[in-house]
Amino acid sequence: SPRLSRQAAAARMLASTSFVDKLGWLYDGASAPGDTISSESEPACLSTPALPPCILLEVLSSRMKRIATAILLVVAVFALIFLGQLWMVTLAAGLVAILAVYEYRALANRSGARIPLWWMAAATAIFFLVSYYRPTEAQLPVLSMMALVLLAWVGFREPHERVLPDAAFGLFGLVYVAYPLTLIPLIWAWDDGTPQLLFLMVTVWVGDTAALYVGRSLGRHKLSALSPNTTWEGSLGSVAGSVLAGL
């Protein structure tokens with residue numbers, strides 16, 4: 001039965017039995033070995049005397065943890081935008097860009113590409129350094145230099161039929177992922193950069209939230225094999241949410 005399967009899952013996970021994990025399992029309806037539940041309809045938190053009140057279990061549930069994490073991230077972003085310095089905004093955007101190009105590299109490598117990880121990380125970091133010190137005149141020369149480095153690397157290490165595709169995949173990732181994120185500190189440095197950046201963040205957040213909930217409730221048609229959880233309905237919901245937020 002579903003109840004027995006939840007109990008078995010809880011028993012298997014007890015190897016990492018932190019207090020928070022145990023509370024989460026009990027809140028989901030599973031019982032750890034040794035616990036007793038007096039009634040099928042009675043919540044575990046009410047029938048287990050050793051546990052804190054139900055309100056604590058509610059706070060520690062999966063959904064509440066997601067909401068708390070989102071709130072902390074929003075507060076951190078707002079603090080960075082209103083109280084940070086240019087180097088702080090550049091550093092934060094650079095770290096996000098490195099994580100993003102890492103994800104892009106993983107997606108590209110699934111299709112057979114072999115983009116060197118060191119090049120993606122180094123090129124992204126150099127791109128942000130150049131954007132910080134010489135934001136307008138040095139980006140194109142650095143992009144050309146990093147493209148030549150990648151072309152030489154794959155030219156000596158990969159079969160000749162993979163040289164141009166791998167170099168193209170890597171260069172596209174730098175332009176598609178890293179370069180747009182270098183614009184965040186540039187926007188922040190404008191005279192009206194703070195409201196402009198807030199507008200950008202809010203439209204993106206609302207679009208992502210709309211994509212999540214519309215895709216979960218209405219999503220039926222898969223968008224791409226590269227992202228199996230993405231649907232056409234969620235994508236359209238994202239566009240509609242961003243447009244409405246922008247209005």
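This structure is a prediction, so every number in the text was calculated from the model and none was measured. (Residues numbered from 1 in each chain as written. Predicted model: local features only at pLDDT ≥ 70, side-chain atom pairs only at ≥ 80, totals over all residues. Heavy atoms only, no water.)

Caption draft 1: Structural context of the overall build of the protein. Within the protein, the secondary structure is distributed over 11 helices and 2 strands. Each helix (α) and strand (β) of the protein, taken in turn from the N terminus, gives the series α-α-α-α-α-α-α-α-α-α-β-β-α. Within the protein, the proportion of its 247 residues that are buried is 32%. A fraction of 56% describes how many contacts in the protein between residues 6 or more apart in sequence connect residues 24 or more apart. About 15400 Å² of surface is accessible on the protein, with carbon and sulfur atoms providing 70% of the total. (Helix = DSSP H or I, 4+ residues; strand = E, 2+ residues; numbered from the N terminus. Buried < 20%, exposed > 50% of the residue type's maximum accessible area, 1.4 Å probe, protein only. Contact = heavy atoms within 4.5 Å. Areas by Shrake-Rupley, 256 points an atom, 1.4 Å probe, with all protein chains shown as cover.)

Caption draft 2: The pattern of salt bridges, seen in detail. Under the criterion given, the structure shown has 2 salt bridges. Two residues, glutamate 158 and arginine 114, come together in a salt bridge whose shortest N-O distance is 3.6 Å. With glutamate 158 in the loop between α8 (139–157) and α9 (160–188) and arginine 114 in the loop between α6 (86–110) and α7 (117–133), this pair connects stretches of sequence that are 44 residues apart. (Salt bridge = Lys/Arg side-chain N within 4 Å of Asp/Glu carboxyl O.)

Caption draft 3: Here's a closer look at the nonpolar core. Ranked by internal contacts, the top residues of the largest apolar core, which has 21 residues, are Tyr104, Ile115, Trp119, Met120, Met146 and Leu174. Mapped onto this core, the elements with two or more residues apiece are α6, α7, α8 and α9. In contact with tyrosine 104, not counting residues within four places along its chain, are Ile115, Met120, Phe169, Phe172, Gly173 and Val177. Ala97, Leu181, Ile187 and Leu198 belong to the second-largest nonpolar core, a separate cluster that totals 12 residues. (Core = buried A, V, L, I, M, F, W, Y, C linked by side-chain atoms within 4.5 Å.)

Caption draft 4: Layout of the confidence of the model for the protein. Overall, the predicted model of the protein reaches an average pLDDT of 78, with 74% of residues at or above 70. The element-level mean pLDDT for the protein is lowest in helix α2 (residues 19–27), coming to 40, with α6 highest at 93. Note that residues 6–51 has pLDDT below 50 and, in this model, 48 contacts with residues that lie over four places away or in other chains. (pLDDT = per-residue confidence, 0-100.)

Caption draft 5: Here's a closer look at the environment of serine 238. Examined against the element boundaries, serine 238 turns out to sit in helix α11 (residues 232–246). Serine 238 sits 26 residues away from leucine 212 along the chain, and the two C-alpha atoms are 8.1 Å apart. What serine 238 contacts, discounting residues up to four positions off in sequence, is Gly207, Asp208, Ala210 and Ala211.

Caption draft 6: How the structure looks around the packing of aromatic side chains. The final tally for this structure, using the stated rule, is 7 aromatic pairs. Between phenylalanine 78 and phenylalanine 82 the ring centres are 6.2 Å apart and the planes differ by 40 degrees, which places this aromatic pair in the tilted class. Here the residue phenylalanine 78 and the residue phenylalanine 82 both occupy positions in helix α5 (residues 62–83), the gap between them amounting to 4 residues, near one helical turn. With relative accessibility at 31%, the residue phenylalanine 78 sits in the partly exposed group. Plain terms: the ring middles of phenylalanine 172 and tyrosine 176 are 5.2 Å apart, the flat faces sit at 10 degrees to each other, and that makes the pair stacked. Taken together, the residues span about one helical turn, with phenylalanine 172 and tyrosine 176 both in helix α9 at a distance of 4 residues. Site record: aromatic cluster; members linked through ring pairs are Phe78, Phe82 and Trp205. (Phe/Tyr/Trp six-rings, centres within 6.5 Å; stacked < 30°, edge-to-face > 60°.)

Caption draft 7: How the structure looks around the side chain of glutamine 139. Inspection of the secondary structure assignment puts glutamine 139 in helix α8. Side-chain polar atoms of glutamine 139 contact the side chain of serine 131, separated by 2.6 Å. Leave out the neighbours within four places in its chain, and glutamine 139 touches Phe127, Val130, Ser131, Tyr179 and Thr182. (Polar contact = N/O pair within 3.5 Å; in protein donor to acceptor, adjacent residues only side chain to side chain.)

Caption draft 8: Local environment of a nonpolar patch on the surface. Together, Trp87, Met88, Leu91, Leu95, Leu129, Tyr132 and Tyr133 line one region of the surface with nonpolar side chains, adding up to about 750 Å² of accessible area. Where the nonpolar patch is concerned, the elements lending two or more residues are α6 and α7. No other element matches the 4 residues that α6 contributes to the nonpolar patch. Tracing the backbone shows tyrosine 132 in helix α7. (Patch = residues over 30% accessible without salt bridge, like charges linked within 9 Å, V, L, I, M, F, W, Y side chains within 5 Å.)

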